[in-house]
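If you want the building blocks of each chain, they are given just below.
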Amino acid sequence: MSLISLMDYEQIIGKETTEELYLLAERSKGRRIKMVNSTAAGGGVAEILSRLIPLLNDLGIDTHWEVIKGGEDFFGVTKKIHNALHGEKISFTQRMKEIFLDVNRENLRDNDLDQDIIVIHDPQPVIYIEAKGRTPAKWVWRCHIDISNPNVEVWEFLKGYVEKYNVALFSSPRFSKKLPIPQFLFFPSIDPLSDKNRELEPEFIDQVLERLYIPRDKPIITQISRFDHLKDPIGVIRAYRAVKRHTDCRLVLAGGEASDDPEGEAVLDEVRSEAKGDSDIHIVLLPPTSSLEINAIQRASTIILQKSLKEGFGLTVSEALWKKKPVIGSAVGGIPAQIIPNLTGALVHSIDGTAYQIRYLLSHPDIAKKLGEYGHEYVKEKFLITRNLRRYLLLFHVLSHPGERIIHL
Amino acid sequence: MEGNPFHFYTSSNLVELTGEKADTLEELLTLLQRCTGSAIFYHVFQSYRERHFAIEKYHSDFAQWIFNSLDEEALAERLGFLDVRDFITIRNFRETMLQIITDYIHKYPQSRNRQGKTPFYLCQSVSVVMPTKHIAWGLEDFHKIIEKLGIRSIHYHLIEARLRLGIHTNDFSYWLRTSLKREELARRIEEIDIYLYSLEEIRRMILQKVKEEIES
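Residues numbered from 1 in each chain as written. Chains lettered and ligands numbered in written order. Predicted model: local features only at pLDDT ≥ 70, side-chain atom pairs only at ≥ 80, totals over all residues.

K.L.:
I'd like a rundown of the overall build of chain A, residues and numbers included.
P.N.:
Scanning chain A for helices and strands turns up 15 helices and 13 strands. Its C-alpha atoms give chain A a radius of gyration of 22 Å, within 12% of the compact-globule value 22 Å for 409 residues. Expressed as lengths along the three principal axes of its C-alpha atoms, the size of chain A is roughly 65 × 50 × 35 Å. Per-residue burial for chain A yields a buried fraction of 46% across its 409 residues. The contacts in chain A between residues at least 6 apart in sequence include a share of 68% that link residues at least 24 apart. (Helix = DSSP H or I, 4+ residues; strand = E, 2+ residues; numbered from the N terminus. Rg over C-alpha atoms; globule rule 2.2 N^0.38 Å. Buried ≥ 20, exposed ≤ 12 C-beta atoms within 10 Å, placed from the backbone. Contact = placed C-beta atoms within 7 Å.)

K.L.:
Pulling in residues and values, what's your account of the domain arrangement of chain B?
P.N.:
Residue and element names in this part refer to chain B. As assigned here, chain B comprises domain 1 (6-11 + 130-215) and domain 2 (13-124). With centres defined by C-alpha atoms, the gap from domain 1 to domain 2 works out at 28 Å. In this assembly, 16 residues from domain 1 lie in contact with 14 residues from domain 2. Only α7 (151-165) and α10 (199-215) provide two or more residues apiece to the side of domain 1 that touches domain 2. Here the side of domain 1 that touches domain 2 takes 6 residues from α7, the largest share from any one element. Partitioned by chemical class, the residues of the side of domain 1 that touches domain 2 number 8 nonpolar, 5 polar and 3 charged. (Domains from an automatic or database assignment. Nonpolar A, V, L, I, M, F, W, Y, C, P; charged D, E, K, R; others polar.)

K.L.:
Help me get a handle on the nonpolar core, residues and values and all.
P.N.:
Within the largest apolar cluster, 162 residues are counted, with the highest numbers of intra-cluster contacts made by A:Val140, A:Phe184, A:Ile358 and B:Ile66. Among the elements that line this core, the one with the most residues is helix α15 (residues 385-400) of chain A, at 8 residues. (Core = buried A, V, L, I, M, F, W, Y, C linked by C-beta atoms within 7 Å.)

K.L.:
Give me the lowdown on unusual backbone geometry, citing residues and values where you can.
P.N.:
Residues and elements named next belong to chain A. One non-glycine residue, Lys324, lies in positive phi territory at about 65 degrees. One can find Lys324 in the loop between α11 (316-322) and β11 (327-330). The class for Lys324 is partly exposed, based on 18 C-beta atoms found within 10 Å. Its identity as a non-glycine residue notwithstanding, Asn342 has a phi of 65 degrees, on the positive side.

K.L.:
Give a description of helix α9 (residues 264-275) of chain A that names residues and reports values.
P.N.:
Residues and elements named next belong to chain A. Taking 1.5 Å of rise per residue, the 12 residues of α9 would be expected to cover 16 Å, and the 17 Å separating its terminal C-alpha atoms lies within 8% of that figure. Along α9, the residues that are buried comprise Val267, Leu268 and Ala275. Within α9, the buried residues cover an arc of 100 degrees as seen down the axis, which keeps them to one side. Within α9, the exposed residues directed more than 90 degrees away from the buried face are Glu265, Ala266, Asp269 and Ser273. Elements in contact with the buried residues of α9: α8 (233-244) and β9 (281-285). Just beyond α9, the residue with positive phi is Gly277, at close to 85 degrees. (Expected span 1.5 Å × (residues − 1). Arc of directions from axis to C-beta.)

K.L.:
Describe the sheet that holds β11(A), and please don't skip the residues or the numbers.
P.N.:
All names here are of chain A. The 6 strands lie next to each other as β9-β8-β7-β10-β11-β12, forming an open sheet whose pairing is parallel. In this open sheet, the two strands that pair with only one neighbour each are β9 and β12 (346-348). Neighbouring strand axes in the sheet, compared pairwise and without regard to direction, differ in orientation by 20 degrees on average. Taken together, the 3 bridges between strand β10 (residues 303-306) and β11 define a ladder with parallel strand orientation. Bridge pairing links Gln306 to Gly329 in β11. The strands that helix α10 (residues 291-300) touches are β7 (220-224), β8 (250-255) and β10; relative to β7, the one it contacts most, it runs at about 145 degrees. (Pairing = 2+ DSSP bridges. Axes fitted to C-alpha atoms, helices over the stretch in contact; angles between N-to-C directions.)

K.L.:
An account of the packing of α8(A) against helix α13 (residues 351-363) of chain A is requested, with residue identities and associated values reported.
P.N.:
Axes are the key here: two packed helices are described by the angle between their axes and the distance separating the axes. Residues and elements named next belong to chain A. Between α8 and α13, the least distance of the axes is 8 Å, while the angle of their chain directions is 45 degrees. Considering the angle they form, α8 stands oblique to α13. Note on packing geometry: the crossing formed by α8 with α13 is right-handed. Here α8 contributes Gly235, Arg238, Ala239, Ala242 and Val243 to the contact with α13, which in turn contributes Ile351, Thr354, Ala355, Ile358 and Arg359. Split by residue class, the contact of α8 with α13 holds 6 nonpolar, 2 polar and 2 charged. (Parallel < 35°, antiparallel > 145°, perpendicular 65-115°, else oblique. Left-handed = near helix turned anticlockwise from the far one by under 90°.)

K.L.:
Go over the sheet that holds strand β1 (residues 32-37) of chain A, please, and point to the residues and values.
P.N.:
Taken in spatial order, the 9 strands of this open sheet run β2(A)-β1(A)-β3(A)-β4(A)-β5(A)-β6(A)-β1(B)-β2(B)-β13(A), and their pairing is mixed. Two strands in the sheet have a free side with no partner beyond their single neighbour: β2 (62-67) and β13 (406-408) of chain A. Here the average twist between neighbouring strands, direction ignored, is 25 degrees. Here 2 bridges tie strand β6 (residues 183-185) of chain A to strand β1 (residues 6-22) of chain B, and the two strands are oriented antiparallel to one another. Across the sheet, residue A:Gln183 finds its bridge partner in β1(B), namely B:Leu17.

Here you go:
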């Protein structure tokens, strides 16, 4: 885990905000926190924890990270549970439940639960709550996934465990459920110092675009996303074509293939076929380690799109806004939480709407600039890792004052 | 030393999800009737703090949703026009909002069950209030501290204070008036229209007024 300090962020969030975070942490110093999730690397949760946990430790809050251990059969079951929570129909067999429970219980054996707060991330280790009686710790369930329309059988099974926690945390008001425990809003966050978001030298940006054969001779419209029908890459090309009749521009569709998506290759073929014959459309297939390249493409873009048909939270929107880019996004998933219409971007519902907004912003660069600037400020306020840190620090106080609406420290 | 010192506080809030939502005006009315005062406080006075860098048409989340999702602009205007400075309790504020919405539904019955484009999710907040290290003993200190004070502190003392104190003023004016006997400056800070300026602009306006008072 890299050594990072809150002071590294001071020049971004300002002295006053940094001071407030130190003040909030002061009264939690010495508390012992354990975070449990299912993977040490890869995926958004591990990415957030790998930055958040060093920051908590830097503030004197003794925070440990545990990864649940399991075999292929366990992770096969948890993948199915994950998909079911997204609404997919699955057959949730007794055998699957046994594997799920057994691996959780095996992990709990000899587990050090001598903590003040235990934060369980996502459904994989949710059964840890069975050990609640072994420790005076407060238990928190942090759900990172969209459970707004879950498979009822799977959710009912998990709900029995979730209800035993002291509190639950969700990424959007849309994802919250009727539960007998308090639920708090914890937006996902981006790290302004990571390779994906940090400032880049103009020469480096030039080099990356040259390497990817993307000339910078006309406005660049970009969508960063994996090649997946749900991200509507074909719709993006059609919107671009509608714009191109009026205003010359380039389109960049950049992202990785979804390795766990059997349709990924087919979608990519379809996109290539739709783009055929237009040298101003650039389809860029990137390996998962391409954070700096994505950063450079975003920074070189004139407008950034996220024209998804369905979306989880869609943090690519915050990444683009952080770079002060005007963003046009579909009104789905977590995108409306990031785009306030006409203030931090444009929300659209169709290909026509997307095309119109692109044309409008290309012909009104002053308005596009303002949207990007406000977007940057909004991300600074709500979607940076330091805001996530603030939420955790507040949560620790809230857990010590259950039922109080105003807590005086 | 001119009087009692001013202790600067700051307030942060964690947003609590209630799991309740409204898709129509009637459902919003029901939510407003039974929700906690903390929910009203959050949607009217706190959530806009996160958009403090810009001036929006409406500060209140209720007015925003009615405008953006229900397209009932006239109602949004009426709710958006409600001024925090005219209320000293959440109860009064809630009653006024309920009356305005009820009257509107009575006048335009077709608005009652019209489905919004997106739901209104009811939230409430838990606030954590703590003292900062800043203490002002006189106008010069006060000016220096306001210059570098966090935006949350300004919101806490200038806007949240009214409902906390239950009086038609703010913490800054109250202290200037009662402790420093600066009646004119207290009044000039009360007169700042918090709806027309961002919190950063409000900071600059306070600084300007304090500076003028020091130099006078």
